[in-house]
Amino acid sequence: MSIGPDIHPKRARAAPFVIIWAILLVLASFKVLTAFLGMGVWAPIAQFGIVAIQASIVFTFFMRLKGSPSLKWVFAVSGFFWLSFLYGLSMTDYADRQGWPPIYTSDGPSFQAHQNQP
Amino acid sequence: MTNSSSVAPEIQFANLEQQGDTAQLGIWVFLVNETIFFGALIFTYFVYRISYPQEFAAAAKDAVLWCGSVNLAILLTSSLTMVLAINAGAQGRRQEMVTLLIVTAALGCAFLLIKGYEYYLDFQDHVVPVVDFATKPGEGSAGELFWIFYWVATGLHAIHLMIGIALVLYMLLWRIRRGEIGSAYYAPLEVVGIYWSFVDVVWLFLYPCIYLVGRS
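Residues numbered from 1 in each chain as written. Chains lettered and ligands numbered in written order. Predicted model: local features only at pLDDT ≥ 70, side-chain atom pairs only at ≥ 80, totals over all residues. Heavy atoms only, no water.

**Student:** Report on the overall build of chain B, specifying residues and quantitative values.
**Tutor:** A count of helices and strands for chain B gives six helices and two strands. Once the C-alpha set of chain B is aligned to its principal axes, its extents read approximately 65 × 30 × 30 Å. Within chain B, the proportion of its 216 residues that are buried is 57%. Long-range contacts, defined as pairs at least 24 residues apart, comprise 80% of the intrachain contacts of chain B with a sequence gap of at least 6. Of the roughly 8,600 Å² of accessible surface on chain B, a fraction of 66% belongs to carbon and sulfur atoms. Averaged over its 10 positive side-chain charges, chain B has a centre that lies 6 Å from the centre of its 16 negative ones. (Helix = DSSP H or I, 4+ residues; strand = E, 2+ residues; numbered from the N terminus. Buried < 20%, exposed > 50% of the residue type's maximum accessible area, 1.4 Å probe, protein only. Contact = heavy atoms within 4.5 Å. Areas by Shrake-Rupley, 256 points an atom, 1.4 Å probe, with all protein chains shown as cover. Lys, Arg positive; Asp, Glu negative; His and termini not counted. Charge placed at Lys NZ, Arg CZ, Asp CG, Glu CD.)

Below you can see the structure in the form of structure tokens.
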């Protein structure tokens, strides 16, 4: 059983794709809005959450992963799988560093200030 | 002029459908590489943004928000026209396919024109590291890191988009004109469409990195 519109090129109609395009534009508007709402540290989290949703929609419908064989899904996801290794292993370095992220002092960011904390 | 229904599969494939599926897996393998390529660049961005949040927020204020936003809308629209072109080709509507591909290429060129104008504004604002960079109040020396990321990331994205436009024009002026793309065989167009949509996804990720920092 397939959920949603049939997007096979031989059978797909234009309307579902136009609706998806409109949804992407609305999400983009929300993304811009989050930057001006004073959300502080939550702003980039919200923005990249919206980006993840947009990317998933583009992958699923515009790049036609929906209805595709499982092998194509494996190939598509594998990039992010390997990227998770890059991010995770690289972050083990930064997570183990003393003084990162820096503490802002009167002289600007200080990577040493942590060591002076009680 | 050949007809897509008379196109024969390459010798190693049993039929055109298998050839098309293999081609799509091939482009996805390439996109895995592109994911890691741009993903590593964005990782570097986040390391420096977490290290210097105030300097990045100050530096990003000079990013031209309207240029990035209009370009985002242009690229999303071009992805729509590309996917509609593939549908038209698969369903045998040749003229509609050609028209939509021309619109897709035109939207890509519009993106590059706006990007070029934005680069001109950036030179006016003296935010070109090494060449012409003026440190603004609050940026410190780390603000230049933001602009280094900006020029590298948007430059690489623009090069990818130019390649996409070239591929669309190749489809139009060579493959479609010779009748090799039609309802019987449209896999090359699907491959170009997948690449085009991925370039769009890259801009989706770059947009908040560059244009939505420190706006409130």
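**Student:** How would you summarise the packing of aromatic side chains if you had to cite specific residues and measurements?
**Tutor:** Evaluation of the coordinates by the stated rule reveals 27 aromatic pairs over all chains. Aromatic pair Tyr94(A) and Phe43(B): ring centres 6.5 Å apart, planes at 65 degrees, arrangement edge-to-face. Linking Tyr94(A) in helix H3 (residues 70-96) with Phe43(B) in helix H1 (residues 16-51), this pair reaches from one chain into another. Look at Phe43(B) and you get buried, because its relative accessible area is 9%. Here the aromatic rings of Phe111(B) and Trp203(B) are separated by 5.0 Å at their centres, their planes lie at 85 degrees, and the arrangement is edge-to-face. With Phe111(B) in helix H4 (residues 94-124) and Trp203(B) in helix H6 (residues 187-211), this residue pair connects regions lying 92 residues apart in the sequence. Judged by its relative accessible area of 0%, Phe111(B) is buried. By way of ring pairs, the aromatic residues Phe48(A), Tyr45(B), Phe46(B), Phe56(B), Tyr119(B), Phe123(B), Phe146(B), Trp147(B), Phe149(B), Tyr150(B) and Trp151(B) are connected into one cluster. A cation over a ring is seen here: Arg97(A) above Tyr94(A), with NZ or CZ 4.3 Å from the ring centre. (Phe/Tyr/Trp six-rings, centres within 6.5 Å; stacked < 30°, edge-to-face > 60°. Lys NZ or Arg CZ within 6 Å of the ring centre and 35° of its normal.)

**Student:** Let's hear about H4(B): which residues, and what values?
**Tutor:** In this model, H4(B) (31 residues) spans 45 Å end to end at C-alpha, consistent with the 45 Å of a helix rising 1.5 Å per residue. Backbone geometry just downstream of H4(B) places His126(B) in the positive-phi region, at approximately 60 degrees. (Expected span 1.5 Å × (residues − 1).)

**Student:** I'd like a description of the interface of chain A and chain B, backed by residues and values.
**Tutor:** At the interface, 51 residues of chain A touch 49 residues of chain B. For the pair chain A and chain B, the summed buried area comes to about 4,400 Å², and 74% of that belongs to carbon and sulfur atoms. Among the residues of chain A in contact with chain B, Phe48(A), Met63(A) and Tyr104(A) are the three that bury the most area, contributing 14% of the side total. There are zero salt bridges connecting chain A and chain B. The interface formed by chain A and chain B includes 11 residue pairs in polar contact (both at pLDDT 80 or more). (Buried area = accessible area lost by both parts, 1.4 Å probe. Salt bridge = Lys/Arg side-chain N within 4 Å of Asp/Glu carboxyl O. Polar contact = N/O pair within 3.5 Å; in protein donor to acceptor, adjacent residues only side chain to side chain.)

**Student:** Which residues make up the nonpolar core, and what values go with them?
**Tutor:** Membership of the largest hydrophobic core comes to 95 residues, with the highest contact counts inside it found for Trp28(B), Leu101(B), Trp147(B) and Ile210(B). Looking at which element gives the most residues to this core, the answer is H6(B), with 17 residues. Beyond its immediate stretch of four places on either side in the chain, Trp28(B) contacts Phe59(A), Met63(A), Leu65(A), Lys72(A), Phe75(A), Ala76(A) and Ile194(B). (Core = buried A, V, L, I, M, F, W, Y, C linked by side-chain atoms within 4.5 Å.)

**Student:** So what's going on with the side chain of Thr81(B)? Which residues, and what values?
**Tutor:** Residue and element names in this part refer to chain B. Note that Thr81 resides in helix H3 (residues 65-90). The exposure class assigned to Thr81 is buried, which follows from its relative accessible area of 8%. A polar atom in the side chain of Thr81 sits 2.8 Å from the side chain of Thr104. The residues contacting Thr81, other than those within four sequence positions of it, are Leu100, Val103, Thr104 and Leu107.

**Student:** Describe the domain arrangement of chain A, with residues and values.
**Tutor:** Residues and elements named next belong to chain A. Assigned domains within chain A: domain 1 (1-68) and domain 2 (71-118). Placing a centre on the C-alpha atoms of domain 1 and another on those of domain 2 gives a separation of 28 Å. Domain 1 puts five residues into the contact, and the matching count from domain 2 is four residues. A buried area of about 430 Å², summed over both sides, lies between domain 1 and domain 2, and 78% of it is on carbon and sulfur atoms. On the domain 1 side of the contact with domain 2, Phe59, Leu65 and Ser68 bury the most area, a combined 87% of that side's loss. The interface formed by domain 1 and domain 2 includes one residue pair in polar contact (both at pLDDT 80 or more). By residue class, the composition of the side of domain 1 that touches domain 2 is two nonpolar, two polar and one charged. (Domains from an automatic or database assignment. Nonpolar A, V, L, I, M, F, W, Y, C, P; charged D, E, K, R; others polar.)

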